[in-house]
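What follows is each chain in one-letter form.
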Amino acid sequence: MPTITTKDGTMIFYKDWGNGQPIVFSHGWPLSSDDWDTQMLFFLNHGFRVIAHDRRGHGRSSQVSDGHDMDHYADDLAAVTEHLDLKNAVHVGHSTGGGEVVHYIARHGESRVAKAAIISAVPPLMVQTPANPGGLPKDVFDGLQAQLAANRSQFYRELASGPFYGYNRPGAKSSEAVIQNWWRQGMMGGAKAHYDGIVAFSQTDFTEDLKKINVPVLVMHGDDDQIVPYADAGPLSAKLLKNSTLKTYKGFPHGMPTTEAATINADLLAFIKG
C-alpha cells in the first residue's frame, strides 16, 4: 500500500491515480479516502491526477493515540503533498476535511495550491461561543462523544441511516448500500481518533485561517445540512474568504457528494476549469 511516515512516526495511507493537474481530496469524520470514490473516478476520467489520503487514525492509516487535532491534520496533508511534490493542486475538503484544507493552506502557504473547494465544511466554527452565537451548544458534541464511547457501531449506523444523508426526512429514499459503506469506513478507523476528532472539528476556530487565504475558493453547502448547519457555516466562510464563490443547494444534505454526486461533480469541474 502507498504510505508515508510523518515526523512523529504516523503512517498515512494515500491513493494517487492518473496524471495531469492534481486534485487532492480530504475526507470527513469518521470516514476514509474511500468516501471520495465517485469524485476520484469522475475526475480521473476527465484527465486529472487524483489523490486522497486516510486521515491519521482513520481508514488504513495508523491508529495512533494522539495528534488528533487540526494542526496535525494539516501537517499530515502537507507531508503527503510534499512527498508527491504536488504543484498547482486543487484541494477539495468535505466536512472535517474542509477544515483540514483551510488550515493546511493558511498554515503551509499557497505555493503548491491553485484553488480550493470546501463542501458541507465545518469552518468558521461549529461550537457556540459568545462570539459565535449561531453555533451548536457544546453539549451536542459532548453527546456525540458519549454515544461513540458507549456503542460506536450503533452510533455510526444511526448517523448514516439518519441525518448524515437526510434519510430521516419525509419521503427520503435511503440506500442500504450507502449506509453500510459509511458504517464500514467508520469502523475501519480507531475509536480514540474519532473520539478526539469530535473536539477537533467542533471547537477549532478557522476565522483567521479563512482571512489568510488568497486563492479562489468554492464554498458548497446544502441548506438542509443536519450535521453542519448551513447558516453558521457556508455563508460565514464565504464572507471571510478574500476570493470566494458560495453555492447553496436547496434541500441537499450533509453527505451531498455521495447522494448528489452528479451535481456536485459538475459544479466542481466547472470551478476547476473556470
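Every chain begins its residue count from 1, and numbering advances along the sequence as written. Side-chain atom pairs in this predicted model are given and counted only at pLDDT of 80 or more, local residue features only at pLDDT of at least 70, and totals for whole chains, interfaces and linings cover all residues. Calculation of side-chain values draws on the structure's entire complement of heavy atoms; hydrogens and water are dropped beforehand.

K.L.:
I'm lost on the layout of surface pockets in this one. Help?
P.N.:
A water-sized probe rolled over the atoms picks out the places where empty space is left. In this structure, the largest pocket encloses a volume near 220 Å³. Lining of the largest pocket is provided by 17 residues; of these, Met-126, Phe-141, Leu-144, Phe-201 and Ile-227 occupy positions nearest its centre. The element that contributes the greatest number of residues to the lining of the largest pocket is helix H4 (residues 138-161), accounting for four residues. Throughout, the protein atoms alone are placed on a 1 Å grid, and a set of points is a cavity if a 1.4 Å probe fits but cannot get out or a pocket if it is open with protein on both sides within 12 Å along at least five of seven lines; lining residues have an atom within 4 Å of a point. In terms of lining residues, the second largest pocket is bounded by Thr-6, Lys-7, Asp-8, Arg-56, His-72, Asp-75, Asp-76, Ala-78, Ala-79, Glu-82 and His-108. Think of it this way: any DSSP run of H or I at least four residues long counts as a helix, any run of E at least two long counts as a strand, and we number them from the N terminus. Counting residues per element, the lining of the second largest pocket draws most heavily on helix H2 (residues 70-83), at six residues. Considered class by class, the residues forming the lining of the second largest pocket number two nonpolar, three polar and six charged. Grid points are joined across faces, edges and corners, and a volume is the space filled by probe spheres set on the points. Amino acids are sorted into nonpolar (Ala, Val, Leu, Ile, Met, Phe, Trp, Tyr, Cys and Pro), charged (Asp, Glu, Lys and Arg) and polar (every other residue, Gly among them).

K.L.:
Teacher, can you tell me more about empty space enclosed by the protein here?
P.N.:
Taken as a whole, this structure holds one cavity of 30 Å³ or more when the rule is applied. If you trace the largest cavity, you find it lined by Leu-125, Met-126, Gly-134, Gly-135, Leu-136, Val-228, Pro-229 and Asp-232. Here the lining of the largest cavity is composed, by residue class, of five nonpolar, two polar and one charged.

K.L.:
I would appreciate a short explanation of the packing of aromatic side chains in the present structure.
P.N.:
Both the distance between ring centres and the angle between the ring planes are used here to describe each pair of aromatic rings. A pair of aromatic rings is counted whenever rings of Phe, Tyr or Trp (Trp by its six-membered ring) have centres within 6.5 Å, and the orientation is called stacked for planes under 30 degrees apart, edge-to-face for over 60 and tilted otherwise. By the definition in use, this model includes 14 aromatic pairs. Note on Phe-43 and Phe-48: the rings are 5.8 Å apart at their centroids and 75° apart in plane angle, and the pair reads as edge-to-face. For the pair Phe-43 and Phe-48, one class covers both residues: buried. Pairing Phe-155 with Tyr-156 gives two aromatic rings, centres 5.7 Å apart and planes at 40°, and the pair type is tilted. When sorted by exposure, Phe-155 lands in the same class as Tyr-156, which is buried. Clustering of aromatic rings is evident, with ring pairs tying together Trp-29, Phe-141, Phe-155, Tyr-156, Phe-164, Tyr-165, Tyr-167, Trp-182 and Phe-201. Across the ring face of Tyr-73, the terminal group of Arg-55 is positioned such that the distance to the ring centre comes to 5.2 Å. Cation over ring: Lys-115 sits above Phe-271, and NZ or CZ is 5.0 Å from the ring centre. Buried residues are those whose accessible area, probed at 1.4 Å on protein chains only, stays under 20% of the maximum for their type, while exposed residues exceed 50% and partly exposed ones sit between those limits. Two conditions define a charge located above a ring, namely a distance within 6 Å from the ring centre to NZ of Lys or CZ of Arg, and an angle within 35 degrees of the ring normal.

K.L.:
When you look at H2 in this model, what are you seeing that I'm missing?
P.N.:
An α-helix turns once every 3.6 residues. As a result, residues three or four positions apart point the same way. Take the number of residues in a helix, subtract one, and multiply by 1.5 Å to get its expected span. Between its first and last C-alpha atoms H2 spans 20 Å; for 14 residues at 1.5 Å apiece the expected length is 20 Å, and the two agree. Looking one or two residues past H2, Asp-85 carries a phi angle of roughly 50°, positive in sign.

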